[in-house]
Amino acid sequence: MADHLPFEKPVIELREKIKELRSFTEDKDIDLSGEIEKLESRLAQLEEDIYGNMKPWDRVQLARHTERPTTQDYIQLLITDFLELHGDRLYGDDAAIIGGIGFFEGNPVTVIGHQRGRDTKENLRRNFGMPHPEGYRKALRLMKQADKFKRPIVCFIDTKGAYPGKAAEERGQSEAIARNLIEMAGLRVPVLCIVIGEGGSGGALALGIGDRLYMLENSTYSVISPEGAAALLWKDSGEAQRAAETMKITAPDLEKLGILDGVIPEVRGGAHRDVQQQADAIREVLRRELKELSSKDPEVLVSERAEKFNQIGSYADVTDANTEE
Amino acid sequence: MLRDLFSKKKRPEKIPSEKAKQEVPEGLMSKCPGCKKISYIKELRKNDMVCEHCGYHHRLSAGERLYCTVDEGTFTEMDAQLIAEDPLGFPEYKEKSAKDREKTNLNEAIVTGRAEIEGVPVVIGVMDAGFRMGSMGAVVGEKIRRAADTAVNERRPLLLFAASGGARMQEGVISLMQMGKTSAALRRLHEEGLLFISIMTHPTTGGVSASFASLGDVNLAEPGALIGFAGRRIIEQTVREKLPDDFQTAEFLMDHGQLDRVVHRHDLKSQIGTILAVHARGEEE
């Protein structure tokens, strides 16, 4: 089985063993039910231990899992009559970001998200979900369109980061990201952001200035990849596991830091184990939040969104403290 | 003098004078990274830290930058009392910040305040790359937000001199969110019809170039400044090709339509003055 991760190996092995005993029971007509029962209770315990105590690095691996559902998967399960719209009207159409219009439970929405590929061929076409400036500019065009027609916007965040390439720099990667930040801050429609996989730095944030920010339980959001952080910190990208802990990049860690509106629980073992069930969990959040946000006055949305960001970040005020170290 | 200006004991009132220039690194001579020629630091300072042989623009501390930008005696610092916390419990962050406070005599990587430039009242923020590489954490984000809010409340133009390696890794995703915070603050300025001039100096990269620094009504840069989103080495590893020597310099960005002007340090104040004058709307005072 190629789709399991190292940390789940004991669970997978035990499951295999139980399966083996079962077929043995059937084939040879020997009653092993006592044995099987014992193993099954051990399996339950083991699953509890492993999935209940996931390390940050385990979550990083799940967030990057090749089978992990992508923006397209969720659009397919949550949005009816979805029509993808293309191009930034300036340079090109970046397949690393997709966006379009459709209905969520009967109401018009614009949905935008990073799009990874499922196999090498698609990944090449989608540049592994790492956008160029034209991707961000397409996203912005679609957001402004949504703003004009008063449709709420749902953003799915799932990228290792904005593409670090020559052409991207030439066409203004920084400006494209910065422009999205300032424009999203002013959108007069509800903006709901959900990190579904990796939230890699500015390239993720460029779809991330919303009224609400949710993360799937096994997704990550970080200013630098664990590998990058490890290389800087300990001159060794092999220390990525340690960096994943230090940097506090998992959904549960970020919820503790107070930057999230909520963590969306995942199917045991990760979203890819049951995409339908995962989409249903997202549906609940969309339904609740879009209802609430849609009732707000546009002015209120904009000012509360700014205030939300104003609240992020703690600092000490040393007025009158005479703190001379 | 400048040391007092940024002391943590009392809030500074006025910006400096000729003495400001005498602070900065010790030593008599300096080798120019541009042309490798040796100059007397005293001479360099007289020339606003621009190499007289090749025009290389040396990095300026926040104090030096203010000295050569604002009208003498007009600077009043704001929010100097804010200092970083350690939200992630990051290894050595507290110690390193303390060391940088000591070294730079600043509480953080940006100094903000009110000042006049060629007689026009402005709000100005100046980053100092000597403090944690000028990286943006919660304090830098908050000071920029407050500066933008002051600009809105007092209807003054805002100027930000970027000098930063990007978001501050030691504050993790909190630093990333400062990109959103500063951009949202600039949006209010924009809505109010107020001017924002961004001046990118060496270096302006990562999360700073990808947020407020790129959002000026007018974007200026100093010659030779490194400006870009991703690091050169990362790009080289990704694309596996040699990048041109001038890649991500101010001139490179200018060629690609990303800047309004590349301005020599000697001309910067007067050109900023012109931009301010064009945007002055005859409000009283």
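Model, not experiment: these values are computed from the prediction. (Residues numbered from 1 in each chain as written. Chains lettered and ligands numbered in written order. Predicted model: local features only at pLDDT ≥ 70, side-chain atom pairs only at ≥ 80, totals over all residues. Heavy atoms only, no water.)

Trainee: For this particular structure, what's the right way to read the interface of chain B and chain A?
Mentor: For interface size, the figure often reported is the accessible area lost on association. Counting from both sides, the interface comprises 53 residues of chain B and, opposite them, 53 residues of chain A. Summing the contributions of chain B and of chain A, the shared interface buries around 4,800 Å²; its carbon and sulfur component is 68%. For chain B, the biggest contributors to the area lost against chain A are M169(B), M177(B) and F229(B); these three give 14% of the whole. Remark: the boundary between chain B and chain A carries 0 salt bridges. (Contact = heavy atoms within 4.5 Å. Buried area = accessible area lost by both parts, 1.4 Å probe. Salt bridge = Lys/Arg side-chain N within 4 Å of Asp/Glu carboxyl O.)

Trainee: What should I look at first to understand the environment of A316(A) in this one?
Mentor: Its place among the elements puts A316(A) in strand β9 (residues 315-317). Residues A316(A) and P6(A), spaced 310 residues apart in sequence, show a C-alpha to C-alpha distance of 42 Å. In this view, A316(A) contacts Q81(B), L82(B), I83(B) and E85(B); residues no more than four positions away in its chain are not counted. (Helix = DSSP H or I, 4+ residues; strand = E, 2+ residues; numbered from the N terminus.)

Trainee: What should I look at first to understand the nonpolar core in this one?
Mentor: Soluble globular proteins tend to bury their nonpolar side chains together. Among the nonpolar cores identified, the biggest contains 103 residues, and Y221(A), L158(B) and F212(B) are the most heavily contacted of them. Looking at this core element by element, the count peaks at 9 residues for helix α6 (residues 172-191) of chain B. Listed in part, the 23 residues of the second largest apolar core include L66(B), I117(B), V122(B) and I272(B). (Core = buried A, V, L, I, M, F, W, Y, C linked by side-chain atoms within 4.5 Å. Buried < 20%, exposed > 50% of the residue type's maximum accessible area, 1.4 Å probe, protein only.)

Trainee: Even after reading the chapter, I still don't get the domain arrangement of chain B, so can you show me in this structure?
Mentor: Residue and element names in this part refer to chain B. What the domain assignment reports for chain B is domain 1 (26-58) and domain 2 (59-284). If you average the C-alpha positions of domain 1 and of domain 2, the two centres end up 24 Å apart. Listed as interface residues are 7 residues of domain 1 and, on the opposing side, 9 residues of domain 2. Contact between domain 1 and domain 2 buries roughly 760 Å² in total, counting both sides, with carbon and sulfur atoms accounting for 51%. Contact with domain 2 buries surface across domain 1, with D48, H57 and H58 losing the most and accounting together for 68% of the total. Where domain 1 touches domain 2, the interface holds 5 residue pairs in polar contact (both at pLDDT 80 or more). Partitioned by chemical class, the residues of the side of domain 1 that touches domain 2 number 2 nonpolar, 3 polar and 2 charged. (Domains from an automatic or database assignment. Polar contact = N/O pair within 3.5 Å; in protein donor to acceptor, adjacent residues only side chain to side chain. Nonpolar A, V, L, I, M, F, W, Y, C, P; charged D, E, K, R; others polar.)

Trainee: Sorry, what's going on with the environment of T204(B) here?
Mentor: Residues and elements named next belong to chain B. In this fold, T204 is placed in strand β8 (residues 196-205). For the pair T204 and L226, spaced 22 residues apart in the sequence, the C-alpha separation amounts to 6.2 Å. Engagement of the side chain of T204 in a polar contact is seen with the backbone oxygen of A162, the distance being 3.4 Å.

Trainee: Even after reading the chapter, I still don't get the confidence of the model for chain B, so can you show me in this structure?
Mentor: In low-pLDDT segments, the atomic positions of the prediction should not be examined closely. All names here are of chain B. For chain B, mean pLDDT is 90; residues scoring 70 or higher make up 89% of the total. Confidence over residues 7-13 falls short of pLDDT 50; this stretch has 16 contacts with residues more than four positions distant or in other chains. In the predicted assembly, ipTM is 0.92 and pTM is 0.92. (pLDDT = per-residue confidence, 0-100.)

Trainee: Please clarify how the UniProt feature "domain: CoA carboxyltransferase C-terminal" (unreviewed entry) in chain A should be interpreted in this entry.
Mentor: As recorded in UniProt, the sites labelled "domain: CoA carboxyltransferase C-terminal" (unreviewed entry) are residues 38-292 of chain A. In residues 38-292 of chain A, the share of helix is 45% and the share of strand is 19%. The end C-alpha atoms are 48 Å apart. (UniProt positions renumbered as here; feature names shortened; annotations may be inferred.)

Trainee: Explain the state of the cysteines to me, please; I cannot follow it from the model alone.
Mentor: Linking two cysteines covalently via their sulfur atoms produces the bond known as a disulfide. All names here are of chain B. Enumeration according to the criterion identifies 0 disulfides over all chains in this entry. This cysteine, C35, is not joined by any disulfide, and C54 carries the nearest cysteine sulfur, 3.7 Å off. C54 takes part in no disulfide bond, and the closest cysteine sulfur to it belongs to C32, at a distance of 3.6 Å. Taking the relative accessible area as the measure of exposure, C54 reaches 39% and is therefore partly exposed. (Disulfide = S-S within 2.5 Å.)

Trainee: What is the right way to look at the pairing of strand β4 (residues 153-159) of chain A in this model?
Mentor: Working note: regular strand, side chains alternate between the two faces of the sheet. Residue and element names in this part refer to chain A. For β4, the tally of buried residues reaches 7 of 7 residues, placing the bulk of the element in the interior. In this sheet, β4 lies alongside strand β3 (residues 107-114) in parallel orientation, the contact comprising 4 bridges. Within β4, the residue paired with G113 across the bridge is F156. Bridge count between β4 and strand β5 (residues 191-200): 6 bridges; the pairing is parallel. When the bridges of β5 are listed, V154 appears paired with L192. (Pairing = 2+ DSSP bridges.)

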